[in-house]
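Results of the structural survey
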Amino acid sequence: MFLRNYWYVAALDEEVRERPLGRTILGEPVVLFRTGDGVLHALEDRCAHRQLPLSMGKVVGDVLQCHYHGLRFDGSGQCVRVPGQEHIPRNARLRTYPVVERHRWIWIWMGDPALADPAQICDFHWIQDPEWGAKPAYLHVEANWQLVVDNLLDLTHLAFVHETTIGNMALVEHAAVKVERAPNNVLVTRWIIDQPAPPTFVKVGKFTTNVDRWQIIDYTPPAFLRLDVGACPTGTGAPDGRRVGGIGMRNLNAITPETETTAHYFWAQAHNFEPQNAEMTERVFQQIQTAFLEDVAVFTAQQRNISLRPDAPQVDINADAGGMQARRIVDRLYREEQEAAAAHATAAE
């Protein structure tokens, strides 16, 4: 189940340079490439001649050349050259997709191009904000994209999956949790007051006493999660907004479905302490990446079991509240999108 009329992250900006990049998005093969002047384009990754992925080819000036027989396609998807003949078949044309570069990510619109408004792109400005140190990254996940969303909306798992980095039992036993839902948003707020800091926080924040820790998870569909996390020495006023003497971080997540059982996971970690210190940025990034790789192992194992027995029953617990609300939003938006598409098709008949 995919929502189509939304912007998704297709690649890190650095992934598309001299050579084309092929990536399956929402079950469709897409090739991203830049022309000689650096302009970005996205086409269907399928040569109109014999369907070889164009991502296997190369960029020649302002066109993309197929690796098999040398057909060339411009950024509009039109074939502009067939080696060995002057005539170009009229149907030698490929689908194109709107693309935008923002926040060091390349965004793509897989739905109706007429609806592709860049103003709707989710805000991830922390990745480029000079007041924050940040590093983006990409992971391929052998799991359905909604399993990743579930994971990020339920941080109780940190106590068990990430006990050596960002988790401890205080997250489960001593957290005050609030779940708020708007029509197209879920906000999960967790406060852990006067408890020991987890290992990663001790390393980068140099805490020697208990802390007041916050985790504020902001979800918007289809699969964007922006986490405001941090800690301050206990009793210094963090719950009242006085975040002094501690550390603040933004964990930024954009999950793009590849197929029903695989996903592209784009994420970044930003920090507001020593933002110009590249060594600190790398240290924080490595700690969080360790945790994320642990999560990937969880997603993969979940998907294996789900694929073996899709109808297996499962129970829900309190920790699932945020994820359940997010799934309900997606289900509603999917129904609305399908109904709109059906109405449009009927009107066109």
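To keep things clear, this report deals only with the structure shown in the data block. (Residues numbered from 1 in each chain as written. Predicted model: local features only at pLDDT ≥ 70, side-chain atom pairs only at ≥ 80, totals over all residues. Heavy atoms only, no water.)

**A word on the sheet that holds strand E2 (residues 21-25)**
What the 3 strands build is an open sheet, ordered E2-E3-E4; its pairing is antiparallel. Edge positions in the sheet fall to E2 and strand E4 (40-44), since each has one partner strand and no second. For this sheet the average axis-to-axis angle between neighbouring strands, irrespective of direction, equals 30°. Across 5 bridges, the pairing between E2 and strand E3 (residues 28-34) is antiparallel. Bridging from a neighbouring strand, Thr-24 pairs with Pro-29 of E3. (Pairing = 2+ DSSP bridges. Helix = DSSP H or I, 4+ residues; strand = E, 2+ residues; numbered from the N terminus. Axes fitted to C-alpha atoms, helices over the stretch in contact; angles between N-to-C directions.)

**Observations regarding the nonpolar core**
Formed by 62 residues in total, the largest nonpolar core has its most connected members in Leu-32, Ile-108, Val-149, Leu-153, Leu-225, Ile-255 and Tyr-265. Among the elements that line this core, the one with the most residues is helix H5 (residues 278-308), at 7 residues. Membership of the second largest hydrophobic core comes to 20 residues, among which are Val-9, Val-100, Ala-268 and Ala-270. (Core = buried A, V, L, I, M, F, W, Y, C linked by side-chain atoms within 4.5 Å. Buried < 20%, exposed > 50% of the residue type's maximum accessible area, 1.4 Å probe, protein only.)

**Notes on the packing of helix H1 (residues 145-153) against H5**
Angle between the axes and distance between the axes: these two values describe a pair of packed helices. Orientation of H1 relative to H5, taken along the N-to-C sense of each, is 130°, at an axis distance of 10 Å. One element, H1, and the other, H5, form an angle in the oblique class. As H1 runs across H5, the sense of the crossing is right-handed. Each of Leu-147, Val-148 and Asn-151 in H1 lies in contact with H5, whose residues at this interface are Asp-295, Phe-299, Gln-302, Gln-303 and Ile-306. Looking at the contact of H1 with H5 residue by residue, the class counts come to 4 nonpolar, 3 polar and 1 charged. (Parallel < 35°, antiparallel > 145°, perpendicular 65-115°, else oblique. Left-handed = near helix turned anticlockwise from the far one by under 90°. Contact = heavy atoms within 4.5 Å. Nonpolar A, V, L, I, M, F, W, Y, C, P; charged D, E, K, R; others polar.)

**Describing the packing of aromatic side chains**
Going through the model one piece at a time under the given rule, you end up with 11 aromatic pairs. Seen in terms of ring centroids, Trp-107 and Phe-224 are 5.6 Å apart; in terms of plane orientation they differ by 55°. Their pairing is tilted. Pair noted here: Trp-107 is in strand E10 (residues 105-109) and Phe-224 is in strand E15 (residues 224-233), with a separation of 117 residues, a long-range link. Assessed through its relative accessible area of 5%, Phe-224 is described here as buried. Plain terms: the ring middles of Trp-267 and Phe-285 are 5.0 Å apart, the flat faces sit at 0° to each other, and that makes the pair stacked. (Phe/Tyr/Trp six-rings, centres within 6.5 Å; stacked < 30°, edge-to-face > 60°.)

**Quick look at the sheet that holds strand E9 (residues 99-102)**
Spatially, the 3 strands line up as an open sheet ordered E1-E10-E9, and their pairing is antiparallel. Each having just a single partner strand, strand E1 (7-12) and E9 make up the two edges of the open sheet. Between one strand axis and the next, the sheet turns by 35° as a mean value, whatever way the strands run. The sheet contact formed by E1 and E10 spans 5 bridges and is antiparallel. Looking at the pairing, Val-9 lines up with Trp-107 of E10.

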